[in-house]
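Residue-level listing of the chains:
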Amino acid sequence: MRRTLKFLITLALAAALCCGMIAVPTSASGFSDVDDDAWYAEAISKVTLVPGIIDGYTDGTFLPDNDVTRGEFLKMILSAVIASGSSLYTTDHSRDSIHWAGQYYTLAMESNILVSDVYSGGVMFECTAAELDKPMSRYEMAVVLANVCTNIAMDSTVVVENAADYITDYDIIDEQYVSAVEQACGKLLLTGMEDGSFSGESSLRRCEAATVIYRFLFEYDVNGDDGLAEYATRPVASTTISAPEGFVSFAQQYQTMTDAERRLALFGNSNKTYFTSSADAAGYMETVTVPIWIIDRNTGLKTSSSTSITVHRLVADEVQYIFQDIYNDPEQFPIYGGWSLGGARYTDSLRHSWGCAIDVNAYYNCECTTNWNTGTTNVTCGYGWWPTDTAWTSFAGTMASSSPYSISSGSSVVEAFARYGWGWGGQGYSLHSDGSQKFDFMHFSILPSGG
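Bear in mind the structure is a predicted one, so any value in this text is a computation, not a measurement. Residue positions are given per chain, counting from 1 as you read along its sequence in written order. Restriction of local features to residues with pLDDT of at least 70 applies here, the model being predicted, together with a cutoff of 80 or more for giving and counting side-chain atom pairs; totals for whole chains, interfaces and linings are based on all residues. Neither water nor hydrogens contribute to the side-chain values; these are computed over all heavy atoms in the structure.

1. Some remarks on empty space enclosed by the protein
Whether a set of points on the 1 Å grid over the protein atoms alone is a cavity depends on a 1.4 Å probe fitting there but being unable to get out, while an open set qualifies as a pocket with protein on both sides within 12 Å along at least five of seven lines; lining residues are those with an atom within 4 Å of a point. Grid points are joined across faces, edges and corners, and a volume is the space filled by probe spheres set on the points. Scanning the entire structure with this criterion turns up one cavity of 30 Å³ or more. Here the largest cavity defines a volume of roughly 30 Å³. Lining the largest cavity are Pro 291, Ile 292, Trp 293, Phe 323, Ile 326, Tyr 327, Phe 333 and Ile 335. Secondary structure elements follow DSSP: runs of H or I of four or more residues count as helices, runs of E of two or more count as strands, with numbering from the N terminus. Of all the secondary-structure elements, those providing two or more residues to the lining of the largest cavity are strand E3 (285–295) and helix H11 (316–328).

Structure, rendered in structure tokens:
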């Protein structure tokens with residue numbers, strides 16, 4: 001059974017106390033400018049006992065209202081991760097000497113905790129002194145925390161419903177931060193202000209940072225059912241579901257329908273070609289929970305988990321059957337972090353905006369264009385594509401080694417989608433006269449081409 005972070009850090013702290021490594025403050029806070037009855041006093045007193053995370057100043061103050069820089073917060077959270085018993089490693093030390101926090105930035109990049117939108121492929125800020133010395137925003141903190149939970153602790157994501165009833169400024173949260181805020185608040189690692197707002201653009205203060213670290217170390221339970229906000233639940237999937245005899249998927253039906261029939265079925269309008277937003281798609285989408293395998297970062301062992309994905313209601317059943325088949329296969333193909341399945345989104349007019357496409361392990365199954373005449377590949381999303389037991393090719397992009405998260409052409413994933421009429425973008429499509437061709441190794445859709 002997985003031990004919780006709280007249990008691990010409590011053991012470490014107890015050992016340090018027994019060995020006389022830590023001096024226990026005589027008051028609740030231990031700092032002259034932290035009142036014992038302050039809402040953050042207990043958090044500061046406990047977190048500052050753990051070596052190397054956050055300290056007070058030589059004059060006996062903590063300065064709880066001072067801003068925390070990006071570099072400082074990366075150092076705090078990653079030091080807390082290490083103290084909790086998780087292993088962090090890196091193969092790229094090129095950034096380490098750029099700034100005193102360069103080594104923490106490197107660890108953050110290697111652990112995928114700085115990306116707010118996996119499909120944009122960008123990070124929230126670069127490793128420069130100017131960027132690392134800027135105050136950390138509460139939005140950025142939410143992203144880092146949410147990613148630490150899933151990409152390092154391998155915690156399952158939670159399903160959040162009616163968050164706007166509890167976060168008063170929910171409707172104005174920037175789209176790239178919505179998911180992170182939902183996850184971090186749903187797991188009670190973050191809470192809002194006194195007026196119920198999240199105030200994501202505000203700078204992170206030292207008292208807030210200490211409180212977040214305290215919750216992460218002492219209250220957060222990896223994959224636990226307790227300690228969630230009232231609007232959040234853990235996804236639980238059936239592992240016995242199966243397609244009824246004679247089942248015909250919508251993807252298979254789609255191939256024999258006219259354009260007008262397809263549009264009427266998908267959008268309720270024979271002249272409509274895609275959904276423009278979640279509001280536009282309301283009533284047509286369904287969130288399904290599916291069983292998956294994940295890889296424990298520290299042990300390397302595969303364990304059973306669940307995750308949820310939003311798709312068009314017409315394909316909801318077949319998506320559940322597809323992932324049940326993947327789950328049942330002896331390959332036990334893993335899903336990165338227990339979350340890397342992307343369904344409906346409305347940033348384009350293609351299959352994702354229909355709710356009829358799914359991206360699997362986006363980091364390790366790139367979207368790219370290769371030119372067969374020049375032998376070059378331009379990666380546009382993800383790091384690259386390099387399945388295990390295969391040789392390096394230009395499709396590997398920036399990946400330094402093969403990955404169990406990359407989908408090989410004969411994998412159980414490709415076969416399961418194909419059984420229900422779904423195509424894989426990894427087979428290549430749109431070959432042009434100049435020798436260029438599009439590949440999207442993460443992408444599956446109801447089109448046979450996978451496009």
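2. With respect to the side chain of Glu 208
Along the chain, the position of Glu 208 falls in helix H8 (residues 206–219). Looking at Glu 208, its side chain comes within polar contact range of the side chain of Arg 138, at 3.4 Å. Here a polar contact means two N or O atoms within 3.5 Å. Within protein one must be a hydrogen donor candidate and the other an acceptor candidate, and residues neighboring in sequence count only if both atoms are side-chain atoms.

3. A few points about the packing of helix H3 (residues 70–83) against H8
For helices, the fitted axis covers only the stretch in contact; all axes are lines through C-alpha atoms, and the angles between them, taken along N-to-C directions, range from 0 to 180 degrees. Interhelical geometry of H3 versus H8 gives an angle of 15° and a closest axis separation of 10 Å. Classed by the angle they form, the pair H3 and H8 counts as roughly parallel. Both H3 and H8 take part in a crossing whose hand is right-handed. Contacts from Phe 73, Met 76, Ile 77, Ala 80 and Val 81 of H3 reach H8 at Ala 209, Ile 213, Phe 216 and Leu 217. Looking at the contact of H3 with H8 residue by residue, the classes come out as nine nonpolar, no polar and no charged. We call two directions roughly parallel when the angle between them is under 35 degrees, roughly antiparallel when it is over 145, roughly perpendicular when it lies between 65 and 115, and oblique otherwise. Less than a right angle of anticlockwise turn of the near helix away from the far helix marks a crossing as left-handed, whereas a clockwise turn marks it as right-handed. Throughout, a residue-residue contact means that at least one pair of heavy atoms, one from each residue, lies within 4.5 Å. Gly is placed with the polar residues, together with every amino acid not listed as nonpolar (Ala, Val, Leu, Ile, Met, Phe, Trp, Tyr, Cys and Pro) or charged (Asp, Glu, Lys and Arg).

4. Let's talk about the pattern of salt bridges
Should a side-chain nitrogen of Lys or Arg be within 4 Å of a carboxyl oxygen of Asp or Glu, the pair is scored as a salt bridge. Tallied over the full model, the rule gives 14 salt bridges. The closest approach of N and O atoms between Arg 70 and Glu 131, which form a salt bridge, is 2.9 Å. With Arg 70 in helix H3 and Glu 131 in helix H5 (residues 129–132), this residue pair connects regions lying 61 residues apart in the sequence. A salt bridge links Asp 359 to Arg 345, with the nearest nitrogen and oxygen atoms 3.2 Å apart. Residue Asp 359 is located in strand E6 (residues 357–360), and its partner Arg 345 is located in the loop between strand E5 (341–342) and helix H12 (351–354); the two are separated by 14 residues in the primary sequence. Only protein chains enter the area calculation, which uses a 1.4 Å probe; residues under 20% of their type maximum are buried, those over 50% are exposed, and those in between are partly exposed. Here Asp 359 falls in the buried class, since its relative accessible area comes to 3%. Salt bridges here are not isolated pairs; linked through shared partners, they connect Asp 65, Arg 138, Arg 205 and Glu 208.

5. As for the packing of aromatic side chains
Planes of paired rings set the category: under 30 degrees apart is stacked, over 60 is edge-to-face and the rest tilted, where pairs are Phe, Tyr or Trp rings (Trp by its six-membered ring) whose centres lie within 6.5 Å. Taken as a whole and assessed by the stated rule, the structure comprises 38 aromatic pairs. Taking the centre distance of 4.8 Å and the plane angle of 10° together, the rings of Trp 293 and Tyr 327 count as stacked. With Trp 293 in strand E3 and Tyr 327 in helix H11, the pair connects residues that are 34 residues apart, well separated along the chain. Classification of Tyr 327 by relative accessible area gives buried; the value is 13%. Between Tyr 336 and Tyr 405, the ring centres sit 5.2 Å apart and the planes meet at 90°, which makes this aromatic pair edge-to-face. Of the two residues, Tyr 336 is situated in the loop between H11 and E5 and Tyr 405 in the loop between strand E8 (376–385) and helix H13 (412–419); the sequence distance between them amounts to 69 residues. A residue is classified by how much of its surface remains accessible, and Tyr 336, at 4% relative accessible area, is buried. With a relative accessible area of 9%, Tyr 405 lands in the buried category. Taken together through their ring pairs, the aromatic side chains of Phe 323, Trp 372, Trp 385, Phe 395, Phe 417, Trp 422, Trp 424, Phe 439, Phe 441 and Phe 444 make up a single cluster. For a lysine, the NZ atom is tested; for an arginine, the CZ atom; a charge sits over a ring if that atom is within 6 Å of the ring centre and within 35 degrees of the ring normal. Its end group placed over the ring of Phe 218, Lys 46 keeps NZ or CZ at 5.1 Å from the ring centre. For Arg 138, the ring lying beneath its charged end belongs to Phe 198, and the centroid distance is 4.6 Å.

6. Notes on the nonpolar core
In this structure, Phe 73 and Val 144 are the most contacted members of the largest nonpolar core, which totals 75 residues. Secondary-structure elements contributing two or more residues to this core are helix H2 (41–47), H3, helix H4 (102–110), helix H6 (138–152), helix H7 (175–186) and H8. If one sorts the elements of this core by residue count, H6 sits on top with ten residues. Residues within four places of Phe 73 in sequence aside, it is in contact with Val 68, Met 136, Met 141, Val 144, Leu 204, Ala 209 and Ile 213. Side-chain atoms within 4.5 Å link the members of a nonpolar core, which is a set of buried Ala, Val, Leu, Ile, Met, Phe, Trp, Tyr and Cys residues. With 62 residues, the next largest nonpolar core counts Phe 395, Tyr 405, Val 413 and Val 414 among its residues.

7. Examining the sheet that holds E6
The strand order across the open sheet built from four strands is E5-E6-E11-E9, with neighbouring strands paired in antiparallel fashion. Edge positions in the open sheet fall to E5 and strand E9 (423–424), since each of these has one partner strand only. By the convention used here, strands pair only if DSSP detects at least 2 bridges between them. Here E6 runs beside strand E11 (residues 443–445); their pairing, made up of three bridges, is antiparallel. Pairing of Ala 357 across the sheet is with Ser 445, part of E11. On the sheet, H13 packs against E6, E9 and E11 and is oriented at approximately 15° with respect to E11.

8. Details of the environment of Asp 92
Within the secondary structure, Asp 92 sits in the loop between H3 and H4. For Asp 92, a relative accessible area of 24% translates into the label partly exposed. Along the primary structure Asp 92 and Met 109 are separated by 17 residues, whereas in three dimensions their C-alpha atoms are 9.5 Å apart. Every residue in contact with Asp 92, bar those within four places of it in the chain, is listed here: Thr 106 and Glu 110.

9. Some remarks on the confidence of the model for the chain
Every residue carries a pLDDT, the predictor's confidence in it, which falls somewhere between 0 and 100. A residue-level look at the chain finds 93% of positions with pLDDT of 70 or above and a mean pLDDT of 90. Scored below 50 in pLDDT, residues 1–9 makes 23 contacts in the model with residues more than four places away or belonging to other chains. Here residues 14–27 is a poorly scored stretch, pLDDT under 50, and it has twelve contacts once near neighbours within four places are set aside; other chains count.

10. Remarks on the pairing of E8
Bridge analysis of strand E7 (residues 365–371) against E8 gives six bridges, and the strand direction is antiparallel. Its bridge partner being in E8, Glu 367 is matched across the sheet by Cys 381.

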